[in-house]
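# Fold and contact review
Given next are the chains, with one letter for each unit.
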Amino acid sequence: MELKVSSLAARPEMLARIVDMPDSWPAFTINDPVGNAHYGRIATELPEYVQFAENEHGEVVAHAYSVPFALAAEGRGELPARGWDQVLIWAFSDLRRGVRPDTVSAISIVVAPHVQGRGLSALMLSAMRDNAQARGFREVVAPVRPSAKHLEPRTPIEEYAYRVRADGLPHDPWLRVHARAGATIHAVAPASMTVSGSLAEWRAWTGLPFDTRGDIEVPGALVPVHCEPERGYAVYVEPNVWMRHAI
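I will try to describe carefully the structure that is included in this document. Keep in mind the model is a prediction, meaning the values are calculated, not measured. (Residues numbered from 1 in each chain as written. Predicted model: local features only at pLDDT ≥ 70, side-chain atom pairs only at ≥ 80, totals over all residues. Heavy atoms only, no water.)

### Overview of the side chain of arginine 176
Within the secondary structure, arginine 176 sits in helix α6 (residues 173-180). Buried charge arginine 176 goes without a salt bridge, the closest partner of opposite sign being aspartate 167 at 6.3 Å. For arginine 176, the side chain forms a polar contact with the main-chain oxygen of proline 170, separated by 3.0 Å. Those residues within four positions of arginine 176 in sequence are excluded, and the remaining contacts are Arg165, Leu169, Pro170 and His171. (Helix = DSSP H or I, 4+ residues; strand = E, 2+ residues; numbered from the N terminus. Buried < 20%, exposed > 50% of the residue type's maximum accessible area, 1.4 Å probe, protein only. Lys, Arg positive; Asp, Glu negative; His and termini not counted. Salt bridge = Lys/Arg side-chain N within 4 Å of Asp/Glu carboxyl O. Polar contact = N/O pair within 3.5 Å; in protein donor to acceptor, adjacent residues only side chain to side chain. Contact = heavy atoms within 4.5 Å.)

### Topic: the nonpolar core
In this structure, Ile18, Ile42, Phe69, Ile107, Trp202, Phe210 and Tyr236 are the most contacted members of the largest nonpolar core, which totals 72 residues. With seven residues, the single largest contributor to this core is strand β3 (residues 60-69). Sequence-distant contacts of isoleucine 107, defined by excluding residues within four places in its chain, comprise Tyr39, Ile42, Tyr65, Ser66, Val67, Trp84, Val87 and Leu88. (Core = buried A, V, L, I, M, F, W, Y, C linked by side-chain atoms within 4.5 Å.)

### What about the pattern of salt bridges?
Oppositely charged side chains may form a pair once their charged atoms are brought near each other. In the structure shown here, the tally under the stated rule is twelve salt bridges. Here arginine 97 and aspartate 94 are joined by a salt bridge, their closest N and O atoms 3.3 Å apart. Of the two residues, arginine 97 and aspartate 94 both sit in helix α3 (residues 83-97), three residues apart, roughly one turn of that helix. For arginine 97, a relative accessible area of 52% puts it in the exposed group. For aspartate 94, a relative accessible area of 1% translates into the label buried. The closest approach of N and O atoms between arginine 244 and glutamate 139, which form a salt bridge, is 2.7 Å. Remark: glutamate 139 occurs in strand β5 (residues 139-144) and arginine 244 occurs in strand β9 (residues 233-246); sequence separation between them is 105 residues. Overall, the relative accessible area of 21% leaves arginine 244 in the partly exposed class.

### A word on the packing of helix α2 (residues 33-45) against α3
A packed helix pair is summarised by two numbers, namely the angle formed by the two axes and the spacing between the axes. Viewed as axis vectors pointing N to C, α2 and α3 meet at an angle of 50°, and their least axial separation amounts to 10 Å. Classified by the angle between their axes, α2 and α3 sit oblique to one another. Crossing hand, α2 versus α3: left-handed. Residue-level inspection shows Val34, Gly35, His38, Tyr39, Arg41, Ile42 and Glu45 of α2 in contact with α3, the latter providing Trp84, Asp85, Leu88, Ile89, Phe92 and Leu95. (Axes fitted to C-alpha atoms, helices over the stretch in contact; angles between N-to-C directions. Parallel < 35°, antiparallel > 145°, perpendicular 65-115°, else oblique. Left-handed = near helix turned anticlockwise from the far one by under 90°.)

### Considering unusual backbone geometry
Although it is not a glycine, phenylalanine 210 sits at a positive phi angle of roughly 45°. Position of phenylalanine 210 relative to the elements: it lies in the loop between α7 (199-206) and β7 (214-216). Looking at phenylalanine 210, the relative accessible area reads 1%, which means it is buried.

### As for the side chain of serine 7
Tracing the backbone shows serine 7 in strand β1 (residues 4-7). The class for serine 7 is buried, based on a relative accessible area of 17%. Among the polar contacts listed, one links the side chain of serine 7 to the backbone nitrogen of alanine 9, at a separation of 3.1 Å. Residue contacts for serine 7: discarding those within four places in its chain leaves Pro47, Glu48, Val50, Gln51 and Phe52.

Below is the structure:
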């Protein structure tokens, strides 16, 4: 498969094809209100931070979204415990107020389902890093969603994140891709994304009954979803792992 990587800023006519590219996100993950409010704005307001790969037929098969933000701004300084949600809020707050950014955060790297497992995630991570470096940044940070954590939803993220193989690389495949690219684990973001919804919404998203009080394991979820049937709602608080790339 021959691939061409481009920036949306240089190829604005590709917007619809990027946005419409199939993905494999679990339904509940795209119902985070912070993500719903801000994720779609990246392609339209920050197209220079969107890279995409197309095959020889012009089909978009992967894309990478990132955002610039001011980590050193007053009241910040540390990568936030609210990870993905917080960095989106910071980035668009800085954009609105004209605050000069000093850091780029990865937001997503998505590979079309039919070409997964062919190294495209590493390719897009490299493109994201190169783009940040070309724009004068010295660091890319990433609130990484460990790709195999859903297989161990009850394992504490603090234990899982730092598990390594015999060769010293992370046990988790997606953490390992970042590590091979030169990133190091900085900290756990214990509340990186929060999705709350009615029991009817969770039933629609997962196909599960959501009629039992307590923690419910959901396919694709990194930790159990807490269900309160008497109160009519369930809440998912997803942990991520902050990784830092010096560039």
